[in-house]
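What follows is the residue order along each chain.
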Amino acid sequence: MPSASRPAKDFFRPLAVGAPQPLHEVPARPSRAIHFFDPSNQKMAAKIPAMVGSVDVLLGNLEDAVKADNKEAARQGLVDIAQATPELGGPDSKTQLWTRVNALDSPWALDDLTTLVTEIGDRLDVVMVPKVQGAEDIHYVDRLLAQLEAKAGLQRPILVHAILETARGVANVEEICGASPRMQGLSLGPADLAADRRMKTTRVGGGHPGYLVRQDPPVNDLGVSDHEAPRSTYQQDLWHYTIARMVDACAMHGIYPYYGPFGDITDVVACEDQFRNAFLLGCVGTWSLHPKQIAIANRVFSPSVEDVRHARRVKAAMGDGTGAVMLDGKMEDDASLKQCLVMVELAEQLAAIDPELKEQYDAIELEA
Ligand SMILES: CC(=O)SCCNC(=O)CCNC(=O)[C@H](O)C(C)(C)COP(=O)(O)OP(=O)(O)OC[C@H]1O[C@@H](n2cnc3c(N)ncnc32)[C@H](O)[C@@H]1OP(=O)(O)O
Ligand SMILES: O=CC(=O)O
Ligand SMILES: [Mg+2]
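Here is what the cut-offs are and how they apply
- Residues numbered from 1 in each chain as written.
- Chains lettered and ligands numbered in written order.
- Predicted model: local features only at pLDDT ≥ 70, side-chain atom pairs only at ≥ 80, totals over all residues.
- Heavy atoms only, no water.
- Helix = DSSP H or I, 4+ residues; strand = E, 2+ residues; numbered from the N terminus.
- Rg over C-alpha atoms; globule rule 2.2 N^0.38 Å.
- Buried < 20%, exposed > 50% of the residue type's maximum accessible area, 1.4 Å probe, protein only.
- Contact = heavy atoms within 4.5 Å.
- Areas by Shrake-Rupley, 256 points an atom, 1.4 Å probe, with all protein chains shown as cover.
- Lys, Arg positive; Asp, Glu negative; His and termini not counted.
- Charge placed at Lys NZ, Arg CZ, Asp CG, Glu CD.
- Near = heavy atom within 4 Å.
- Polar contact = N/O pair within 3.5 Å; in protein donor to acceptor, adjacent residues only side chain to side chain.
- 1 Å grid on protein atoms, 1.4 Å probe; cavity = no way out; pocket = protein on both sides within 12 Å on 5 of 7 lines; lining within 4 Å.
- Sits in = over half its atoms within 2 Å of the grid points.
- Nonpolar A, V, L, I, M, F, W, Y, C, P; charged D, E, K, R; others polar.
- Donors = N, O, S within 2.8 Å, 3.2 Å for Na, K, Ca; no water.
- Salt bridge = Lys/Arg side-chain N within 4 Å of Asp/Glu carboxyl O.
- Phe/Tyr/Trp six-rings, centres within 6.5 Å; stacked < 30°, edge-to-face > 60°.
- Domains from an automatic or database assignment.
- Buried area = accessible area lost by both parts, 1.4 Å probe.
- Core = buried A, V, L, I, M, F, W, Y, C linked by side-chain atoms within 4.5 Å.

### Notes on the overall build of the protein chain
Of regular secondary structure, the protein chain possesses 14 helices and 12 strands. In terms of C-alpha radius of gyration, the protein chain reaches 23 Å, essentially the compact-globule figure of 21 Å for 368 residues. Taking the principal axes of the C-alpha coordinates as reference, the protein chain spans close to 80 × 55 × 45 Å. Burial statistics for the protein chain: of 368 residues in total, 47% are counted as buried. Partitioning the contacts of the protein chain with sequence separation of at least 6, the portion at a separation of at least 24 is 73%. Approximately 17,900 Å² of the protein chain is accessible, and the part contributed by carbon and sulfur atoms is 54%. The centroid of the 36 positive side-chain charges in the protein chain is displaced by 3 Å from the centroid of its 51 negative side-chain charges.

Written out as structure tokens, the structure is:
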């Protein structure tokens, strides 16, 4: 959506002479797992070519988690990997190539963007920008990318993904999403966001046992509450508010929301729960920090066979899509059909790139 500083007639104009035409719609490419790797880490980098085809997105990370002394090696390492792996990235690739550049106030961001667009811009699908504070950060990246694309003679605009990881960024989330037609999506950055907000969790994403609600105390016959009696507690989701805001802002602007990092690599169970909460709330994918998180993300962010079966049954039962019907004792109508179509369309997109899922979805039979 055009912002006040960029009227509707200019919103889709290239920002540099010779830059590619901005897209009117963000392509719906599967991105269940955005798998992070450090291109300066030889052991990790060596594994990347073999991962192409088995993960939706491979992201060469240049920012946090890459040592300051390795920033240039990471940037060059990413160029080398992309050049040596032709099936990675680009509009028809099964595995997209993304990067997370350094923060815009760092000494590395300008060289990150200049080098990557110049050297591998035709392969780079999305640039993730950390610590985005407001539309002004996106406007800066937008113009710079246009200049670099024009210089490199690129035919296709590189998209931009912002990490929501500052209080100011959260306050400005809608304007960030609408700042440029390049905006592809947003990820939650719970570690930086917790620090910026002065939250008191030291975990990278996930819940916290202290963030809970407690069952009411039992009351005796005289109406007196027994506060000492054992009571159940229910852990709450520290990130619910932010993810929900992010999902609304993204949906409003036609771009995609993602959960971010889950730092407890060994706790695959809680990781799956966190991912699933995000999926249920509307996110389309998540980050993977370790190879073992890829399978979790792929499983969680693909609709289950049961959900697809139900969605297809509702679609079949609803005929022209209007009115109300009873199915398994439940009312279905125009609105619940729309919910079901979200599942059906996602299943179709994923089946197109994932033969195993296709087989599972194709085997679904619709009983009457
Ligand atoms: C808050 C944020 O900004 S989050 C985003 C930034 N953080 C990141 O990107 C972190 C990325 N991940 C990592 O750095 C690593 O996974 C770590 C440090 C968490 C753990 O690494 P290790 O201690 O090597 O884990 P582990 O021993 O289980 O690794 C097993 C193998 O997988 C490899 N591996 C680990 N992580 C990755 C990865 N992300 N991609 C590819 N390979 C990986 C290891 O090199 C190791 O290889 P080997 O079997 O040949 O020795
Ligand atoms: O960059 C991610 C975060 O959680 O911080
Ligand atoms: Mg961060």
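### Overview of the site of ligand 2
Around ligand 2, the neighbouring residues are R100, E165, G189, P190, A191, D192, P261 and W287. With respect to ligand 2, the side chain of R100 contributes an N or O atom lying 3.0 Å from an oxygen atom. Between ligand 2 and the protein, one listed contact pairs an oxygen atom with a backbone N or O atom of D192 at 2.8 Å. When ligand 2 is considered free in solution it has 190 Å² of accessible area, and contact with the protein chains removes 93% of it. With respect to the detected pockets, ligand 2 is housed in the second largest pocket. Per element, the largest residue contribution to the shell around ligand 2 is three residues, and it comes from helix α8 (residues 190-197).

### Some points on unusual backbone geometry
Phi angles above zero are rare outside glycine, and A65 is one such case at about 90 degrees. Relative to the assigned elements, A65 resides in the loop between β2 (57-61) and α3 (71-84). Classification of A65 by relative accessible area gives exposed; the value is 73%. At K131, a residue that is not glycine, the phi angle is positive and equals roughly 50 degrees. With respect to the element layout, K131 can be found in the loop between β4 (126-129) and α5 (135-152).

### Thoughts on the site of ligand 1
In the vicinity of ligand 1 there are 15 residues, among which H35, F36, K47, L289 and H290 approach most closely. Take K43: an N or O atom from its side chain is 2.9 Å from an oxygen atom of ligand 1. Isolated, ligand 1 exposes 960 Å² of accessible area, and the fraction of that covered by the protein chains is 62%. For the shell around ligand 1, the element with the most residues is helix α2 (residues 42-51), which contributes three residues. Looking at side-chain class alone, the shell around ligand 1 contains eight nonpolar, three polar and four charged residues.

### Let's talk about the coordination of the magnesium ion (ligand 3)
Think of it this way: four donors in a tetrahedron around the metal ideally sit 109.5 degrees apart, and six in an octahedron ideally sit 90 or 180 degrees apart. The coordination sphere of the magnesium ion (ligand 3) contains the protein donors E165 (OE) and D192 (OD), at a distance range of 2.1 Å. Taken together, the positions of E165 in the loop between β5 (159-164) and α6 (167-171) and D192 in helix α8 put the pair 27 residues apart, joining distant regions of the chain. Looking at E165, the relative accessible area reads 4%, which means it is buried.

### Description of the side chain of E165
One buried charged residue, E165, remains without a salt bridge, the closest side chain of opposite sign being K131 at 4.1 Å. Here E165 is in contact with P130, K131, G189, D192, L193 and D196, once residues within four sequence places are set aside.

### Points about the packing of aromatic side chains
Considering all chains together, one arrives at six aromatic pairs under this definition. Consider the rings of W98 and Y258, whose centres lie 6.0 Å apart with planes at 80 degrees: the pair is edge-to-face. Of this pair, W98 sits in strand β3 (residues 96-100) while Y258 sits in strand β9 (residues 256-258), and the two are 160 residues apart along the sequence. For the pair shown, W98 and Y258 are each scored as buried. The structure contains a cluster of three or more aromatic residues connected by ring pairs, namely Y259, F275, F279 and F301.

### Structural notes on the domain arrangement of the protein chain
When the domains of the protein chain are assigned, the result is domain 1 (8-204 + 236-300) and domain 2 (305-362). Distance from the C-alpha centre of domain 1 to the C-alpha centre of domain 2: 30 Å. Tallying the contact residues gives six residues for domain 1 and six residues for domain 2. When the area that domain 1 buries against domain 2 is broken down by residue, the three leading residues are P30, R32 and K94, summing to 68%. Taken together, domain 1 and domain 2 are joined by one salt bridge. Taking the shortest distance from any N to any O, the salt bridge between R32 and D354 comes out at 3.3 Å. Counting across the domain 1 and domain 2 interface gives two residue pairs in polar contact (both at pLDDT 80 or more). When grouped by side-chain class, the residues that make up the side of domain 1 that touches domain 2 number three nonpolar, no polar and three charged.

### Comments concerning the nonpolar core
Counting 79 residues, the largest nonpolar core has L186 and F275 as its most contacted members. Among the elements that make up this core, the one with the highest residue count is α5 (six residues). Leave out the neighbours within four places in its chain, and F275 touches Y259, G260, F262, T286, W287, Q293, I296, A297, V300 and F301.

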